[in-house]
Amino acid sequence: MDIEFVRNQFPALEREFVFMDNAGGSQTLKKVAERISGYLLHHNVQLGASYQVSREAGEKLTYATKQVSNFINASRPEEVVIGPSSSMLLRVLSWCISKQWQEGDEVIVTNTDHEANVSPWTDLKDKGINVKVWKTNPESLELEISDLKKLLNKRTRLVALTHASNILGSINPIREIAKTVHKSGALICVDGVAYAPHRRVDVRKLDVDFYVFSWYKTYGPHLAVMYGRYHQLYKMDGINHYFFTKKDVPYKFQPGNFNFELTYSLLGIIEYFEEFFKHEFPKEKKVDFQEKMDKIFELISRHEERISKPLITYLIEHPDIKIIGRNTADREKRVPTISFVHRTLKSNEIVEKIDDYRIGIRFGDFYAKKLIEDAGLKEKNGVVRVSLVHYNTPDEVQRLIWILKKII
Ligand SMILES: Cc1ncc(COP(=O)(O)O)c(C=O)c1O
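Residue numbers here run from 1 along each chain, matching the order of that chain's written sequence. Side-chain atom pairs in this predicted model are given and counted only at pLDDT of 80 or more, local residue features only at pLDDT of at least 70, and totals for whole chains, interfaces and linings cover all residues. Think of the side-chain values as coming from all heavy atoms in the structure, minus any hydrogens and water.

Overview of the overall build of the protein
Starting at the N terminus, helices and strands are each numbered in turn, a helix being any DSSP run of H or I of at least four residues and a strand any DSSP run of E of at least two. In terms of regular secondary structure, the protein is built from 14 helices and 13 strands. For 408 residues, the compact-globule estimate of 2.2 N^0.38 gives 22 Å, and the protein sits close to it at 21 Å. If you line up the protein on its principal axes, its C-alpha atoms span 65 × 50 × 35 Å. Note on classification: 1.4 Å probe, protein chains only; a residue is buried when its accessible area is under 20% of the maximum for its type, exposed when over 50%, partly exposed between these limits. Burial statistics for the protein: of 408 residues in total, 58% are counted as buried. What makes two residues a contact is simply this: any of their non-hydrogen atoms within 4.5 Å. If you take every contact in the protein between residues at least 6 apart in sequence, the share linking residues at least 24 apart comes to 68%. Computed by Shrake-Rupley with a 1.4 Å probe, the accessible areas treat only the displayed protein chains as cover when residues are assessed. For the protein, the computed accessible surface area is about 18,100 Å², with 50% contributed by carbon and sulfur atoms. Put simply, the protein has 60 plus and 54 minus side-chain charges, and the middle of one group is 3 Å from the middle of the other. Each radius of gyration is computed over the set of C-alpha atoms, and the globule rule expresses the reference value as 2.2 Å times the number of residues to the power 0.38. In this charge count, Lys and Arg are treated as positive and Asp and Glu as negative; neither His nor the chain ends contribute. By convention, the charge on Lys lies at NZ, on Arg at CZ, on Asp at CG and on Glu at CD.

Details of a negative patch on the surface
There is a patch of like negative charges on the surface, built from Glu349, Glu352, Asp355 and Asp356. Summarising the element assignment, Glu349 is placed in helix H12 (residues 347–355). Glu349 gets classed as partly exposed once you look at its relative accessible area, which sits at 34%. Patch construction takes residues with relative accessible area above 30% that form no salt bridge. Like charges are linked within 9 Å, and nonpolar side chains (Val, Leu, Ile, Met, Phe, Trp, Tyr) are linked within 5 Å. Only one rule defines a salt bridge in this text: a Lys or Arg side-chain nitrogen within 4 Å of an Asp or Glu carboxyl oxygen.

Some words on the domain arrangement of the protein
By domain assignment, the protein separates into domain 1 (3–28 + 291–407) and domain 2 (31–269). For every domain, the bounds stem from an assignment made automatically or drawn from a database. For domain 1 versus domain 2, the distance between C-alpha centres works out to 26 Å. With 40 residues of domain 1 at the contact, the number on the domain 2 side is 31 residues. Summing the contributions of domain 1 and of domain 2, the shared interface buries around 3,000 Å²; its carbon and sulfur component is 55%. Joining two parts hides part of their accessible area as seen by a 1.4 Å probe, and the buried area is that hidden amount summed over both. It is Phe297, Val335 and Leu371 in domain 1 that bury the most area against domain 2; as a group they hold 21% of the surface buried on that side. Counting every contact that joins domain 1 to domain 2 gives five salt bridges. Among the salt bridges present, the one from Lys370 reaches Glu115, with a minimum N-O distance of 3.5 Å. Elements with a minimum of two residues in the side of domain 1 that touches domain 2: helix H11 (289–317), strand E10 (337–342), helix H13 (369–374) and strand E13 (383–387).

Here's the deal with the pairing of strand E7 (residues 210–214)
In terms of residue burial, E7 counts as a mostly covered element, since five of its five residues are buried. Across the two faces of E7 the burial is the same, with Phe210, Val212 and Ser214 and Tyr211 and Phe213 all buried. At least two DSSP bridges between two strands are required for those strands to pair. When strand E6 (residues 187–191) meets E7, the two strands line up parallel, connected through three bridges. Among the inter-strand pairings, Cys189 is bridged to a residue of E7, identified as Phe210. Bridge analysis of E7 against strand E8 (residues 224–228) gives five bridges, and the strand direction is antiparallel. Pairing of Tyr211 across the sheet is with Tyr227, part of E8.

A word on the packing of aromatic side chains
Within 6.5 Å between ring centres, the rings of Phe, Tyr and Trp (the latter by its six-membered ring) count as paired, and their orientation is classed by plane angle as stacked under 30 degrees, edge-to-face over 60, tilted in between. Per the stated rule, a full pass over the model turns up 22 aromatic pairs. With 5.8 Å between their ring centres and 70° between their planes, Phe10 and Tyr219 make a pair best called edge-to-face. Of this pair, Phe10 sits in the loop between helix H1 (3–7) and strand E1 (18–19) while Tyr219 sits in the loop between E7 and E8, placing them 209 residues apart in sequence. A single burial state applies to Phe10 and to Tyr219, both of which are buried. Ring-pair connections join several aromatic residues into one group, and the members of that group are Phe5, Phe10, Phe71, Tyr211, Phe213, Trp215, Tyr219, Tyr272, Phe273, Phe276, Phe297 and Tyr391.

Quick word on the pairing of E8
Sheet faces and side chains relate simply in a regular strand, where the side chains alternate between the two faces. The element E8 is extensively covered by neighbouring structure, given that five of its five residues are classed as buried. The alternating pattern of E8 places Ala224, Met226 and Gly228 on one face and Val225 and Tyr227 on the opposite face, and all of these are buried. The pairing of strand E2 (residues 80–83) with E8 spans four bridges and is antiparallel. Bridge assignment links Val81 to a residue of E8, and that residue is Met226.

Following this line, the structure appears as structure tokens:
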């Protein structure tokens, strides 16, 4: 993978600073910023009018949404719901979908998720919905499907879980889980925020009902997207004004104007991945869009495995360090979001020392509070988290290891 090509697309990487808090927020593509300003400076009008600029703006947004739906391999653009954040979209979903649920219906959440995909469901207790928690194995911190099977029953309406944990980095086998969930007659809602920056999201392959992720961690702006299976979205009540009807998908879930300039800027991300493909595979001219995305993320995942391996090896070999998550860099098993604790030092003590070296990492619970509590890591002030993406280099990782060796 041509790392120089990649890094040249991100102006923030020109400064002398190592960004390793990418699971908190990735750096933004130049193409994204250009599209935001381009839209604001030339097409910032209200949509739906008959005059020329309004029609042009409408066409731009229709095209952007269509490309986003292709990017995640949705069946149709209406399956793409835009919102300000993943947290907000999940709130909208729980509010809308539960309108048709009955008292005594059940929902399952996990103890590894970021709270964004937990509270919207646990708060339904107030409506008489029973909430069950699919807990990780306390030793391995793995979610086991056999435990999920024990929780599912005829009253289960939905299972909410994460594709990759924003602390453990572990990738959950969503397709397999979706099969189990659907067999019991329930729906599955996946938080893909910690997964989408690293791997291909193909909602049809995953066979999920709802899938949410945030663009500010996927090289774009502060905006999020929710995929919803069309007939599920259609069936649901919306949250918009009374004159929006059932068939107004996705508008019934997008009260007020969604952010036009940020939505338009998403094209910059997709264009980046396409150009990246062209750069890496110049001879492959007849490849369709879906295959291009599969291939480019395959390349990204190999690079991520390569750069995270030395760090994981160092952490495994250190007698006072414990990785919180899987002890492997295998790209099938994890994304390069790597968390650890030290036997005697608190997590903040390590991070604060590293701050002096112009490397951005961080400590804490990252809003996956239940996981940190259940793993007994609260008194450590959570974990130290190093979160890499494909623009990080082997040299940056070596520098971090060198500093860790000095301070621990
Ligand atoms: C795994 C995960 N899910 C959800 C969220 C929330 O995303 P947003 O800020 O878009 O609501 C985060 C943010 O850190 C996250 O890491």
